[in-house]
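In case you want the letters, here they are:
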Amino acid sequence: MKKIVFLLLAFGAFHAQAQTKLSVKKMKALADESLQFSAKQYKHMMQNLPDSLFPRSTNKDGSLMTAKFNWWTAGFYPGSCWYLYEATKDPAFKQEALKRQQYLLPDQYRTNTHDLGFLMYCSFGNELRLEGTPAAKDILMTSSRSLIKRYKPTIGAIRSWDHSGWKCPVIIDNMMNLEMLCWATKNSGDSTFWNIAVNHANTTMKNHFRDDYSSYHVIDYDTITGQVIAKKTHQGHSDASAWSRGQAWGLYGYTMMYRETKDKKYLDQARHIADYMLNHPHMPKDLVPYYDYDAPEIPNAIRDASAAAVMASALLELSRYTNKTESKRYWNAGADALASLASPAYRAKEGENNNFILMHSTGSMPGNSEIDVPLSYADYYFLEGMLRYKQWAGK
Ligand code: GLY
């Protein structure tokens, strides 16, 4: 049995490395073309989007699904507008980002969500990066102070949901909210934010991961003892399976934590997660994962383009921190996944797909929600990945 698993893994590794690579010149041209296309597509989006709302996905009847300011994905649309402003310098994208962000302002005071990094750092964080706006700093500091109110010292982690049915759930996705906390310490000199981010990352590393470096989706903790009560899934195929977007959040999260702390254990964790994905016998040739690496319907299972976009952007960054051989492998895999997403198999035609850029993402298979649809965060990480490619290629 072990021999078969090894052979399958070896075949998977061969698969992941033997992609047809585009030359740097061709990939750069594809990145340019994709960003130009995305700008046209998002112009249609902004002209058709109701005031005060944010694009989320597609409804079952095919119409645009919108979200209010308090849905966890609301920050991605202004964030994508900032990336398009960065790519094109077209002031319409800056105006649109600033306009939509006004509706996000109440989020900075919320203590009932762990998604403040997604909501505020993807939007106001990009404004700060590109424009240096002092008001964005204040908003991000307030958001960071709100987020750390959810930190549970006995557990060493930030609580994720307040839903009933859990004692103190922490989901792998929550790694993504730590970047804003690292920024908050750099900005203010107050180490509280950084210490909480590090504790959260360490607790997650200890309890979320299996021996093969795949991760559980949800760990439920006892608030009094801090002990693990249960290891579960919410959006994956089963408690024991590897939900694809969760693996991508983990990869991105530990790569980012290495960037912020230079602690080698985070780099090793990110490398192990990347190897788990890229060596997986169920990783499709085009590097766009099925919604779960253990989905029983494979090879007919639904894909998740959002998992591919998050993974691709993270792999490009990870490649900058590793040795030459690994670096090439991660960089090529990131570029190949982006090239797949930019192909007609995943990228929409202009004016279609409710004006989202990418098709074929999956929100929650067990929840029968957002299956094989566009998702605003798939677009956001696709744009980020293409910008990263252009910025880092050949460097
Ligand atoms: N953070 C929720 C998700 O990835 O679907």
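Since we're looking at a predicted model, the values are computed, not measured. (Residues numbered from 1 in each chain as written. Predicted model: local features only at pLDDT ≥ 70, side-chain atom pairs only at ≥ 80, totals over all residues. Heavy atoms only, no water.)

### A look at the pattern of salt bridges
Consideration 1: Under the definition given, this model contains 27 salt bridges.
Consideration 2: With a closest N to O distance of 2.8 Å, Asp 263 and Lys 265 form a salt bridge.
Consideration 3: Here Asp 286 ties to Arg 303 by a salt bridge, and the two come within 2.9 Å at their closest N and O atoms. Taken together, the residues Asp 286 in the loop between helix H11 (264-278) and helix H12 (305-318) and Arg 303 in the loop between H11 and H12 connect sequence positions 17 residues apart.
Consideration 4: According to the relative accessible area criterion, Asp 286 is partly exposed, its value standing at 22%.
Consideration 5: Linked by salt bridges that have partners in common, Glu 179, Lys 186, Arg 259, Glu 260, Glu 317, Glu 384 and Arg 388 make up one network. (Salt bridge = Lys/Arg side-chain N within 4 Å of Asp/Glu carboxyl O. Helix = DSSP H or I, 4+ residues; strand = E, 2+ residues; numbered from the N terminus. Buried < 20%, exposed > 50% of the residue type's maximum accessible area, 1.4 Å probe, protein only.)

### Section: the environment of Leu 181
Consideration 1: Within the secondary structure, Leu 181 is located in helix H8 (residues 178-188).
Consideration 2: Owing to a relative accessible area of 0%, Leu 181 belongs among the buried residues under this scheme.
Consideration 3: Considering only alpha carbons, one finds Leu 181 and Gly 117, 64 residues apart in sequence, at a separation of 8.2 Å.
Consideration 4: Those residues in contact with Leu 181 that sit more than four places away from it in its chain are Ser 144, Leu 147, Ile 148, Ile 158, Phe 193, Trp 194, Ile 196 and Ala 197. (Contact = heavy atoms within 4.5 Å.)

### What to know about unusual backbone geometry
Negative phi is the rule for most residues except glycine; trans is the rule for most peptide bonds.
Consideration 1: Residue Pro 299 follows Ile 298 across a cis peptide bond; omega there is 15 degrees.
Consideration 2: For Pro 299, the position within the fold is in the loop between H11 and H12.
Consideration 3: In this model, Lys 89 sits at a positive phi of 60 degrees, which is unusual for a non-glycine residue.
Consideration 4: Its location among the elements puts Lys 89 in the loop between helix H3 (76-88) and helix H4 (91-104).
Consideration 5: A positive phi is found at Lys 262, a non-glycine position, where the angle reads about 60 degrees.
Consideration 6: Relative to the assigned elements, Lys 262 resides in the loop between helix H10 (244-261) and H11.

### With respect to helix H13 (residues 324-341)
Consideration 1: Between its first and last C-alpha, H13 extends 26 Å over 18 residues, near the 26 Å set by a 1.5 Å rise per residue.
Consideration 2: Most of H13 sits inside the fold, with 14 of its 18 residues counted as buried.
Consideration 3: Measuring from the backbone nitrogen of Thr 325 back to the side-chain oxygen at the start of H13 gives 3.1 Å, which picks out Asn 323 as the cap. (Expected span 1.5 Å × (residues − 1). Polar contact = N/O pair within 3.5 Å; in protein donor to acceptor, adjacent residues only side chain to side chain.)

### Notes on the sheet that holds strand E5 (residues 169-171)
Consideration 1: Taken in spatial order, the three strands line up as E5-E6-E7 in an open sheet, and their pairing is antiparallel. Strands with a single pairing partner mark the edges of an open sheet, and in this sheet they are E5 and strand E7 (228-232). Direction aside, neighbouring strands of the sheet carry axes that sit 20 degrees apart on average.
Consideration 2: Pairing of strand E6 (residues 218-221) with E7, which is carried by four bridges, proceeds in the antiparallel orientation. Within E7, the residue paired with Asp 220 across the bridge is Ala 230.
Consideration 3: Set on the sheet, helix H9 (residues 192-207) makes contact with E5, E6 and E7; between it and E6 the angle comes to about 105 degrees. (Pairing = 2+ DSSP bridges. Axes fitted to C-alpha atoms, helices over the stretch in contact; angles between N-to-C directions.)

### With respect to the environment of Met 386
Consideration 1: Mapped onto the secondary structure, Met 386 falls in helix H14 (residues 376-392).
Consideration 2: Taking the relative accessible area as the measure of exposure, Met 386 reaches 0% and is therefore buried.
Consideration 3: In sequence terms Met 386 and Cys 182 are 204 residues apart; their C-alpha atoms lie 24 Å from each other.
Consideration 4: Look past the residues within four positions of Met 386 in its chain and what remains in contact with it is Met 27, Ala 31, Ser 34, Leu 35, Leu 338 and Ala 342.

### Brief notes about helix H7 (residues 134-147)
Every α-helix winds through 3.6 residues per turn, so residues three or four apart in the chain are directed the same way.
Consideration 1: With 14 residues, H7 should cover 20 Å at 1.5 Å per step; its first-to-last C-alpha distance of 20 Å lies within 8% of that length.
Consideration 2: Check the buried side of H7 and you find it contacts helix H5 (116-121), helix H6 (124-131), strand E3 (151-152), strand E4 (157-158), H8 and H9.

### A few points about the confidence of the model for the protein chain
Residues shown with low pLDDT carry predicted positions that ought not to be read at fine detail.
Consideration 1: Chain-level statistics for the protein chain give a pLDDT mean of 95 and a share of 95% at 70 or above.
Consideration 2: Low pLDDT, under 50, characterises residues 1-18; the stretch is placed with 15 contacts to residues that sit more than four places away or in other chains. (pLDDT = per-residue confidence, 0-100.)

### Some words on the packing of aromatic side chains
Consideration 1: Here the structure, examined in full by the defined rule, presents 21 aromatic pairs.
Consideration 2: Here the guanidinium or amino end of Arg 210 rests over the ring plane of Tyr 216, the centre of that ring lying 4.0 Å away.
Consideration 3: Arg 347 extends its terminal NZ or CZ atom over the ring of Phe 37, reaching a point 4.2 Å from the ring centre. (Phe/Tyr/Trp six-rings, centres within 6.5 Å; stacked < 30°, edge-to-face > 60°. Lys NZ or Arg CZ within 6 Å of the ring centre and 35° of its normal.)

### Re the packing of helix H2 (residues 24-48) against H4
Consideration 1: At a minimum axis distance of 11 Å, the contact between H2 and H4 shows a crossing angle of 45 degrees. Looking at the two axes, H2 sits oblique to H4. Crossing angle aside, the handedness with which H2 passes H4 is left-handed. Contacts from Ala 39, Tyr 42, Lys 43 and Met 46 in H2 reach Ala 92, Phe 93, Glu 96 and Arg 100 in H4.
Consideration 2: When its residues are assigned to classes, the contact of H2 with H4 shows five nonpolar, no polar and three charged. (Parallel < 35°, antiparallel > 145°, perpendicular 65-115°, else oblique. Left-handed = near helix turned anticlockwise from the far one by under 90°. Nonpolar A, V, L, I, M, F, W, Y, C, P; charged D, E, K, R; others polar.)

### Focus: the site of the ligand
Consideration 1: All residues in the neighbourhood of the ligand are listed as Trp 72, Asp 173, Gln 235, Trp 243, Arg 245, Trp 249 and Tyr 377.
Consideration 2: Gln 235 places a polar side-chain atom, nitrogen or oxygen, 2.7 Å from an oxygen atom of the ligand.
Consideration 3: Within the contact set of the ligand, an oxygen atom lies 2.9 Å away from a side-chain nitrogen or oxygen of Trp 249.
Consideration 4: Computed on the free molecule, the ligand has an accessible area of 200 Å², of which 92% lies beneath the protein chains in the complex.
Consideration 5: Here the residues of the shell around the ligand sort into four nonpolar, one polar and two charged. (Near = heavy atom within 4 Å. Areas by Shrake-Rupley, 256 points an atom, 1.4 Å probe, with all protein chains shown as cover.)

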